[in-house]
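Summary of the model geometry
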Amino acid sequence: MYFETFSQMKKQLGQLSKWLETAEAHAKAKSFDPNLYLNFRLAPDQLPFVRQVQIGCDAVKLAASRLSGKAAPSNPDTEQTLEELSARVRSTIAYLDTFTAKDFEGAASRVVTHPRWEGQVMSGADYFLENAVPNFFFHVTHAYALLRHNGVNLGKADYLGSQSLRAP
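Residues numbered from 1 in each chain as written. Predicted model: local features only at pLDDT ≥ 70, side-chain atom pairs only at ≥ 80, totals over all residues. Heavy atoms only, no water.

**Topic: the overall build of the chain**
Secondary structure assignment for the chain yields five helices and two strands. Across the chain, helices and strands are ordered from the amino to the carboxyl terminus as α-α-α-β-β-α-α. The C-alpha atoms of the chain give a radius of gyration of 17 Å, which matches the 15 Å a tight globule of 168 residues would have. Across its three principal axes, the chain shows a C-alpha extent of roughly 50 × 50 × 25 Å. Within the chain, the proportion of its 168 residues that are buried is 41%. Long-range pairs, those at least 24 residues apart, make up 71% of the contacts in the chain between residues at least 6 apart in sequence. When the accessible surface of the chain is totalled, it reaches about 9200 Å², and 54% of it is carbon and sulfur. In the chain, which carries 18 positive and 17 negative side-chain charges, the distance between the mean positions of the two groups comes to 4 Å. (Helix = DSSP H or I, 4+ residues; strand = E, 2+ residues; numbered from the N terminus. Rg over C-alpha atoms; globule rule 2.2 N^0.38 Å. Buried < 20%, exposed > 50% of the residue type's maximum accessible area, 1.4 Å probe, protein only. Contact = heavy atoms within 4.5 Å. Areas by Shrake-Rupley, 256 points an atom, 1.4 Å probe, with all protein chains shown as cover. Lys, Arg positive; Asp, Glu negative; His and termini not counted. Charge placed at Lys NZ, Arg CZ, Asp CG, Glu CD.)

If you want it as structure tokens, here you go:
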């Protein structure tokens, strides 16, 4: 389950990469600086687009790290352009490419800690289902929604990406 779900998350990051390209093309077609997207928000108390992308990338890489025991690369959250955000997404995908199903053996019973949990822990299974998966999709979906809200021509097919459809 873990490897397959991380594979889906990696696929979603690939879609996010395409959304960033579409956003850049949209901005150029409308004659505005594509880097304006970085500070767009849906609500005044919501994190801006740049943070949604950064946290989405961190959520999946740190989850893979915590569940496998492999060290995650550090990202300083200094992206100031869509290109830099794209590079962050690509580097997260490259990190996920280093995993195999074997890396997640025993993940369900692993004890997971988080700095914000003030000394409390979760099992790997609970962490994965209750925190890692929803947190990743929350932030990636907000990035999608911010682009859609600001006129980028994205639809459900852009969110879902290619699927394994075949004749019966």
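Right, picking up where we left off after that structure.
**A look at the environment of isoleucine 93**
By the secondary structure assignment, isoleucine 93 is in helix α3 (residues 82-96). The exposure class of isoleucine 93 is buried, given its relative accessible area of 18%. Along the primary structure isoleucine 93 and leucine 13 are separated by 80 residues, whereas in three dimensions their C-alpha atoms are 6.9 Å apart. With near-sequence residues (within four places) excluded, isoleucine 93 lies in contact with Lys10, Leu13 and Gly14.

**A closer look at the layout of surface pockets**
When its volume is computed, the largest pocket comes out at roughly 260 Å³. For the largest pocket, the lining is made up of 13 residues, of which Ile55, Ala59, His114, Arg116 and Asn135 are closest to its centre. A per-class count over the lining of the largest pocket returns six nonpolar, four polar and three charged. (1 Å grid on protein atoms, 1.4 Å probe; cavity = no way out; pocket = protein on both sides within 12 Å on 5 of 7 lines; lining within 4 Å. Points joined across faces, edges and corners; volume = space filled by probe spheres on them. Nonpolar A, V, L, I, M, F, W, Y, C, P; charged D, E, K, R; others polar.)

**Description of the packing of helix α2 (residues 49-68) against α3**
A pair of packed helices can be characterised by two numbers: the angle between their axes and the separation between those axes. Their axes nearest at 10 Å, the elements α2 and α3 cross at an angle of 10°. Taken together, the axes of α2 and α3 are roughly parallel relative to one another. Counting all contacts with α2, which are made through Phe49, Val50, Val53, Gln54, Cys57, Asp58, Val60, Lys61, Ala64 and Ser65, the residues of α3 involved are Leu82, Leu85, Arg88, Val89, Thr92, Tyr95 and Leu96. The residue makeup of the contact of α2 with α3, split by class, is 11 nonpolar, three polar and three charged. (Axes fitted to C-alpha atoms, helices over the stretch in contact; angles between N-to-C directions. Parallel < 35°, antiparallel > 145°, perpendicular 65-115°, else oblique.)

**Topic: the pattern of salt bridges**
A complete count under the given rule lists 10 salt bridges for this structure. Put simply, lysine 70 and aspartate 103 hold a salt bridge, and the shortest N to O gap is 3.5 Å. Here lysine 70, found in the loop between α2 and α3, pairs with aspartate 103, found in the loop between α3 and β1 (111-113); they are 33 residues apart in sequence, far enough to count as distant. We note a salt bridge from aspartate 77 to arginine 88, for which the minimum N-O separation is 2.8 Å. With aspartate 77 in the loop between α2 and α3 and arginine 88 in helix α3, the pair connects residues that are 11 residues apart, well separated along the chain. For arginine 88, a relative accessible area of 2% puts it in the buried group. What you see here is one network of salt bridges that share partners, running through Arg51, Asp58, Lys61, Asp77, Glu79 and Arg88. (Salt bridge = Lys/Arg side-chain N within 4 Å of Asp/Glu carboxyl O.)

The values reported here are purely geometric and, on their own, carry no functional implication.
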